[in-house]
Amino acid sequence: MPAKVTGLGHIGFYVNDLELMMEFYENFMGMQLTKVGPLGAFFSADPEACDHEIALINGRPSLEDPRWIQQISMRVESLDDLRDFKRRVVERGYQMDRIVSHASAIGMYFRDPENNPTEVFWLTGHTSWAQVGIPIDIDRTDEDVMADVRRSYVAVKDVAMGKPADQGTVDAIKDLTASAAGGR
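A few points on the structure. Sequence order as written defines the numbering, with residues in each chain counted from 1. In keeping with the predicted nature of the model, local features appear solely for residues at pLDDT of at least 70, side-chain atom pairs appear and are counted solely at 80 or more, and the whole-chain, interface and lining totals rest on all residues. By convention in this description, side-chain values take in all heavy atoms of the structure and omit both hydrogens and water.

## With respect to the pairing of strand E7 (residues 105-111)
Partly exposed describes any residue whose relative accessible area lies between the buried limit of under 20% and the exposed limit of over 50%, with all areas from a 1.4 Å probe on protein chains only and scaled to the type maximum. Labels follow the DSSP assignment, with helices taken as runs of H or I lasting at least four residues and strands as runs of E lasting at least two, numbered in each case from the N terminus. The buried count for E7 comes to 6 of 7 residues, which makes it a mostly enclosed element. Strand pairing is defined by DSSP finding a minimum of two bridges between the two strands. With 5 bridges joining them, strand E6 (residues 96-101) and E7 adopt antiparallel strand pairing. The residue bridging Val100 from the neighbouring strand is Gly107, located in E7. Where E6 hands over to E7, the hairpin turn is made up of 3 residues, of which Ala103 adopts a positive phi near 75°. Here E7 pairs with strand E8 (residues 117-123) via 7 bridges, running antiparallel. Looking at the pairing, Tyr109 lines up with Glu119 of E8. Between the antiparallel neighbours E7 and E8 lie 5 residues, among them Asn115 with a positive phi of about 70°.

## Section: the sheet that holds strand E1 (residues 7-15)
One key point about sheets: their strands pair by backbone hydrogen bonds, in either a parallel or an antiparallel sense. With respect to topology, 9 strands assemble into an open sheet ordered E2-E3-E4-E1-E5-E8-E7-E6-E9, the strand pairing being mixed. Edge strands, defined here as strands with exactly one partner in the open sheet, are strand E2 (32-37) and strand E9 (134-135). For E6 and E9, the ladder comprises 2 bridges, and the chain directions are antiparallel. Within E9, the residue paired with Ser101 across the bridge is Ile134.

## Section: the packing of helix H3 (residues 142-156) against helix H4 (residues 167-181)
Interaxial angle, 0 to 180 degrees, is taken between N-to-C directions of lines fitted to C-alpha atoms, where a helix line uses only the stretch in contact. Where H3 meets H4, the closest approach of the two axes is 8 Å, and the angle between their N-to-C directions is 160°. In terms of their interaxial angle, H3 and H4 are classed as roughly antiparallel. The chirality of how H3 crosses H4 is right-handed. Contact residues: H3 offers Arg151, Ser152, Ala155 and Val156, while H4 offers Thr169, Ala172, Ile173 and Leu176. Here the residues of the contact of H3 with H4 are counted per class, giving 5 nonpolar, 2 polar and 1 charged. The cut-offs work like this: below 35 degrees is roughly parallel, past 145 is roughly antiparallel, 65 to 115 is roughly perpendicular, and the gaps in between are oblique. Helix crossings get a hand from a simple test, with the near helix turned counterclockwise from the far one by less than a right angle marking a left-handed crossing and a clockwise turn marking a right-handed one. The contact definition used throughout considers only heavy atoms, calling two residues in contact when any of these lie within 4.5 Å. For this scheme, ten residues count as nonpolar: Ala, Val, Leu, Ile, Met, Phe, Trp, Tyr, Cys and Pro. Four count as charged, namely Asp, Glu, Lys and Arg, and the remainder, Gly too, count as polar.

## Structural notes on the pattern of salt bridges
For salt bridges, the criterion is a side-chain nitrogen of Lys or Arg within 4 Å of an Asp or Glu carboxyl oxygen. A full pass over the atoms with the stated rule returns 11 salt bridges. Asp97 serves as the salt-bridge partner of Arg111, at 2.8 Å between the closest nitrogen and oxygen. Remark: Asp97 occurs in strand E6 and Arg111 occurs in strand E7; sequence separation between them is 14 residues.

## What about the side chain of His10?
Considering the arrangement of structural elements, one finds His10 in strand E1. Here a polar contact means two N or O atoms within 3.5 Å. Within protein one must be a hydrogen donor candidate and the other an acceptor candidate, and residues neighboring in sequence count only if both atoms are side-chain atoms. Separated by 3.3 Å, the side chains of His10 and His52 make a polar contact. A polar contact is formed between the side chain of His10 and the side chain of Glu119, at a distance of 3.5 Å. Aside from chain neighbours lying at most four places away, what touches His10 is His52, Glu53, Ile54, Ala55, Gln71, Ile72, Ser73 and Glu119.

## Regarding the nonpolar core
In this structure, Leu82, Ile106 and Met108 are the most contacted members of the largest nonpolar core, which totals 17 residues. The element contributing the most residues to this core is helix H2 (residues 79-92), with 4 residues. For Leu82, the contacting residues outside a window of four places in its chain are Val76, Ile106, Met108, Val120, Phe121, Trp122 and Ile138. Judged by nonpolar contacts, the second largest core, of 12 residues, contains Phe13, Met31, Ala41 and Leu56. We call a set of buried Ala, Val, Leu, Ile, Met, Phe, Trp, Tyr and Cys residues a nonpolar core when their side-chain atoms join them within 4.5 Å.

## Quick look at the side chain of Ser44
Inspection of the secondary structure puts Ser44 in strand E3 (residues 40-44). Polar side-chain contacts of Ser44 include one of 3.0 Å to the backbone nitrogen of Asp46. Ignoring anything within four residues of it in the chain, the contact list for Ser44 reads Met31, Gln32, Thr34, Cys50, Asp51, His52 and Glu53.

Put into structure tokens, the structure is as follows:
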């Protein structure tokens, strides 16, 4: 039986005014700011249960620009389910954008048949409040994949909820990204 998603993870919006939208989700909607950095800001109604349900991403040039959905993200139950989705994305010829370790999850980003950005992700068991996306090859053994996840986690584990990463963490992420891009 093919893998299936187990629920909605989060929705990402491109925003024109990040500060305005952060104020709305934090103060008006009452959500907790969980991750913040150059990319944007992430919010959760219950950070213990889900590290973010809303992702506000810089990049909407104007309010008239129709491009506002950054991604729709859905959970899968296991690393093998993520691999099954990858196999089926490739079989169907959908555009694969990237597969990355977020330390807390491994996310696979692709386009649905109408070119909408879509993510399926598997939670790794680590808690991370950093905005991180280090390329990862999920076609290796579980042990090798988890070794890469642990390296990602070690690099970002000291980032506090709702705080940007310090320069040392940013540099560690860059080093891991460059290492992943250059092969192992």
